[in-house]
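Understanding the architecture of this molecule
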Amino acid sequence: MSKVPYEVYTEEVEALSVLSPEGEIVNEKMMPKLTDDQLKEIMYRMVFTRTWDDRAVNLGRQGRLGFYAPVSGQEATMVGSEFALQKEDFVCPGYRDIPQLVWHGLPLYQAFLYSRGHQHGGQIPEGVNVLMPQIIIGAQILHAMGIAMGFKLKKQKQVAIAYTGDGGSSEGDFYEGLNYAGVFKLPVIFFVQNNGYAITTPFSKQTAALSIAHKAVAAGIRGIKIDGMDVFAVISAVQEAAERARNGEGATLIEAVTYRFRPHSLSDDASKYRTKEEETQWSEKDPISRFAKYLEKKGLWTEEDTARVREEAKAKVNDEIKKAEKVEKMTISGLIDSMFETTPKYLEEQKADFL
Amino acid sequence: MAQMNMKEAIRDAMRVELERDPNVLIFGEDVGNVGGVFRVTEGLQKEFGEDRVMDTPLAESAIGGMAVGLGIQGFRPIAEIQFIGFIFEALDQMLIQAARMRYRSGGRYTSPIVFRTPFGGGVKAAELHTDSLEGLIAQTPGIKVVVPSNPYDAKGLLIASIRDNDPVFFMEHLNLYHAFRAEVPEGEYTVELGKANIVREGSDVTIISYGMTVHTATKAADELEKSGIKAEIIDLRTLNPLDIDTIVNSIKKTNRAIVVQEAQKSAGIAAEVIAQINERAILHLEAPVLRVAGPDTVYPFAQIEESWLPTPARIITAVNKVMEF
Ligand SMILES: Cc1ncc(C[n+]2csc(CCOP(=O)(O)OP(=O)(O)O)c2C)c(N)n1
């Protein structure tokens, strides 16, 4: 029996929550089964991610990172959804989805190198099933669909997940991906982090649909809308979608309603398009404090734990950025040689211009 | 006359045209409320309303296709594609639908559209934000390609583009938005499309450039002058149609030329310019025409773009080569 209610909705739907902002379980039916160690691990990752985001914003301001899209506020969607997957599953991220990559196995220093525009940042280690972050909004949705087709053809019980935002759900690629996944019954999860804005454009200008989850209907796949500030709702929805995918029951579209506490990127000023009141209202739903309340009541977490993880994370980020900075700078001739398996003569000649 | 940077000049061109012609519309991602990621359209929605300056959902093919439909309806859309790398999502609409409309409908419909987009390297932007894709567009029949290098031209060329009855791809170099201010006349004026500009007169060698490379070439020419070489610099301003007459006339005087572009070397604008020089002026040449361009690699965002992009030093080397040939 499905823990998650799926229906064809013709009316506005509430985002499903499991954990209230006060840290109470309000939806036993959807509660994922997790051991105490797993609960602590999830919290560890969320606090770690928040700390790393704080640091990354500073590193960006110091010019030690390149393009960086802040993630604070989205720890439940990012950490929770990855946690619900298996190592063999394939993660196809947008530019903001670096935490999923790192928790799925990409070394942090490589994420930093990617941000700095060093090609080694994208050299994903063997056995880590992730793509590099996608800049073209929506492209990764089609890649995940194709990877899922591969799993299906090879009869492997693996799942691909594509991440995008509410803005991404407007791209043509999104609809084409969903439609294919429906037609071919592919083991893929489309995970939309609806944080309310695409750069400056509010959700109300992105779509007139009652929800993004509704868009699953037309593609003939499952759609669900969940509370993206609630890590249990995220884990539950992804676990179930993954299980269905592995059983050959096809694709799921998950809309997780969340918020980014910071601006879109380091060069964006969020005060131009949203209000302080709105930001405060959302900070009251902070996924980390909500989860902490739950864990504290169970005696699994204390403020000291948070402080300890923050220190650990800071030290780790420090080490990894230093490691990234030590990687030798790319060269134009190395770049030229990375264009083809065998560098053609005309490119060999071009190296001479860069000595 | 007002002092404006290129961003302000572009905004002013749009304001002038929004005011003059009720059929002019602006739309794209984030262009309304806050005026786009570079604030180029800042204030225009406030001034002209949400029906004239519209935020669209995030979907470039729809931005391009809506422009085509509005063009058929007699509007003059200015459609912003947020960054150059995202035009690929819209290329069917830009290159197949808009650029062929006049031909396919036997002139019944046209595409009086301006597709505006920022591009250009050297600003440490993210991947796919800076590539020079002008060659790709310029090869398509039916669409004009414009690349201004300064505020005065930017305003005049943009007004001319908005008034043009065919689609124009208007490329704004990121490094030039705030680079410097210059005198820009108030109100309307146009700079004719398809006309190059001689920005510096010289007698020894012609340097053909456009956009940011005009400024790189100027730096090189200052250096070259010290060693007694007088370079003439041509700013193409429009890549399609190409003002080959200005180029040929200059070569008749200097007998030597190089072409500078930020785009990758092969099969691009520089190659086209040289082919046309060969067709029309080969007997006036004392040396082969050389290209200074990016190498034929993926554009290496951030990490080594400084050495990848044309530098004054590489221009000087190329000039010395043609001088000594
Ligand atoms: C095809 C394409 N068009 C435009 C952009 C520029 N851009 C970068 S992020 C962004 C907004 C994305 O919003 P959303 O999908 O909601 O994701 P969020 O940033 O909120 O996580 C835009 C328009 C892009 N990267 N790719």
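Residues numbered from 1 in each chain as written. Chains lettered and ligands numbered in written order. Predicted model: local features only at pLDDT ≥ 70, side-chain atom pairs only at ≥ 80, totals over all residues. Heavy atoms only, no water.

Note the following rule: UniProt positions are given in the numbering used here, feature names are shortened, and annotations may be inferred rather than shown by experiment.
Chain B is annotated in an unreviewed UniProt entry as 2-oxoisovalerate dehydrogenase of Paenibacillus crassostreae. The annotation that UniProt attaches to chain B under Cofactor (unreviewed entry) is "thiamine diphosphate".

The name an unreviewed UniProt entry assigns to chain A is Pyruvate dehydrogenase E1 component subunit alpha, from the organism Paenibacillus crassostreae. What UniProt records for chain A under Catalytic activity (unreviewed entry) is the sentence "N(6)-[(R)-lipoyl]-L-lysyl-[protein] + pyruvate + H(+) = N(6)-[(R)-S(8)-acetyldihydrolipoyl]-L-lysyl-[protein] + CO2". Of chain A, the UniProt comment under Function (unreviewed entry) reads exactly: "The pyruvate dehydrogenase complex catalyzes the overall conversion of pyruvate to acetyl-CoA and CO(2). It contains multiple copies of three enzymatic components: pyruvate dehydrogenase (E1), dihydrolipoamide acetyltransferase (E2) and lipoamide dehydrogenase (E3)."

Regarding the site of the ligand
Test applied: If a single non-hydrogen atom of a residue is within 4 Å of a molecule or strand, that residue counts as near it. Whenever two N or O atoms come within 3.5 Å, that pair is a polar contact, provided that in protein one can donate a hydrogen and the other can accept it, and provided that, for residues adjacent in sequence, both atoms are side-chain atoms. All accessible-area figures derive from a Shrake-Rupley calculation using a 1.4 Å probe, and residue coverage is judged against the displayed protein chains alone. Throughout this entry, Asp, Glu, Lys and Arg are counted as charged residues, while Ala, Val, Leu, Ile, Met, Phe, Trp, Tyr, Cys and Pro are counted as nonpolar. The remaining residues, Gly among them, count as polar.
Taken together, 21 residues form the shell around the ligand, and within it Y95(A), R96(A), I135(A), G167(A) and E60(B) come nearest. Around the ligand, the neighbouring residues derive from chains A and B rather than from a single chain. Note that an oxygen atom of the ligand is positioned 2.9 Å from one of the side-chain N or O atoms of N195(A). Here a nitrogen atom of the ligand and a side-chain polar atom of E60(B) are 2.4 Å apart. In the complex, 95% of the free accessible area of the ligand, which totals 580 Å², lies under the protein chains. Class assignment for the residues of the shell around the ligand results in nine nonpolar, six polar and six charged.

Re the UniProt feature "domain: Dehydrogenase E1 component" (unreviewed entry) in chain A
Rule in force here: Numbering of helices and strands starts at the N terminus; helices are DSSP runs of H or I of at least 4 residues and strands are runs of E of at least 2.
The sites that UniProt annotates as "domain: Dehydrogenase E1 component" (unreviewed entry) are residues 45-331 of chain A. Helix makes up 47% of residues 45-331 of chain A and strand 11%, with an end-to-end C-alpha separation of 36 Å.

Some words on the environment of S111(B)
Residues and elements named next belong to chain B. Looking at the element boundaries, S111 is found in the loop between α4 (91-104) and β5 (114-119). Taking the C-alpha atoms as reference, S111 lies 9.2 Å from D164; in sequence the two are 53 residues apart. A distance of 3.1 Å separates a polar side-chain atom of S111 from the backbone oxygen of A98.

Here's the deal with the pairing of strand β4 (residues 76-80) of chain B
All names here are of chain B. This is how it is decided: Buried, partly exposed and exposed residues are distinguished by accessible area as a fraction of the type maximum, computed with a 1.4 Å probe on protein chains only: under 20%, between the cut-offs, and over 50%, respectively. Only strands that DSSP links by at least two bridges are regarded as paired with each other.
Across the five residues that make up β4, a large majority, five, are buried. The alternating pattern of β4 places R76, I78 and E80 and P77 and A79 on opposite faces, both of which are buried. Where strand β2 (residues 24-28) meets β4, five bridges bridge the pair, whose relative direction is parallel. Bridge assignment links I26 to a residue of β4, and that residue is I78. In the sheet, β4 pairs with β5 via three bridges, with the strands oriented parallel. Bridge pairing links A79 to F115 in β5.

Some remarks on the side chain of S20(A)
All names here are of chain A. Stated precisely, the cut-off is as follows: Whether two residues are in contact is decided by their heavy atoms: any pair within 4.5 Å suffices.
Residue position: S20 is located in the segment before α1 (36-61). Look at S20 and you get buried, because its relative accessible area is 9%. Contact partners of S20, with chain neighbours within four places excluded, come to V26 and R290.

Re the UniProt feature "domain: Transketolase-like pyrimidine-binding" (unreviewed entry) in chain B
According to UniProt, the "domain: Transketolase-like pyrimidine-binding" (unreviewed entry) feature falls on residues 4-179 of chain B. The straight-line gap between the two end C-alpha atoms of residues 4-179 of chain B is 10 Å; of that span, 37% is helix and 16% is strand.

Topic: the interface of chain A and chain B
Filter applied, for reference: Accessible area, probed at 1.4 Å, shrinks when two parts are joined; the buried area is that loss added up over both. Any Lys or Arg side-chain nitrogen found within 4 Å of a carboxyl oxygen on Asp or Glu counts as a salt bridge.
Across the boundary between the two partners, chain A contributes 34 residues, which contact 36 residues of chain B. Interface area, chain A with chain B, both sides summed: about 3000 Å², of which 59% is carbon and sulfur. Together, I135(A), I136(A) and K205(A) form the three largest contributors to the area buried by chain A at its contact with chain B, with a combined 17%. Summed over the shared surface of chain A and chain B, the number is three salt bridges.

A few points about a nonpolar patch on the surface
Stated formally: Put simply, a patch holds well-exposed residues, over 30% relative accessible area, that have no salt bridge, with like charges counted together within 9 Å and Val, Leu, Ile, Met, Phe, Trp or Tyr side chains within 5 Å.
The grouping of Y180(A), V183(A) and F184(A) at the surface amounts to a nonpolar patch, some 300 Å² of accessible area in total. Following the sequence through the fold, Y180(A) ends up in helix α6 (residues 172-183).

Side note on the packing of aromatic side chains
Residue and element names in this part refer to chain A. Applied cut-off: Between 30 and 60 degrees the pair is tilted, below 30 it is stacked and above 60 it is edge-to-face, where a pair is any two Phe, Tyr or Trp rings, Trp via its six-membered ring, whose centres lie within 6.5 Å.
The tally for this structure, following the rule as stated, stands at 19 aromatic pairs over all chains. Their ring planes at 80° and their centres at 6.5 Å tell us that F48 and W52 sit as a pair that is edge-to-face. Of this pair, F48 and W52 both sit in helix α1, four residues apart, which is roughly one turn of the helix. Residue F48 is classed as buried on the basis of its relative accessible area of 6%. Given a relative accessible area of 2%, W52 falls into the buried group. Relative to Y273, the ring of Y197 lies with its centre 5.4 Å away and its plane at 55°, an arrangement referred to as tilted. A residue pair is termed long-range when its members are at least 10 positions apart, and Y197 in strand β4 (residues 197-198) and Y273 in the loop between β7 (252-257) and α10 (276-283) qualify at 76 residues.

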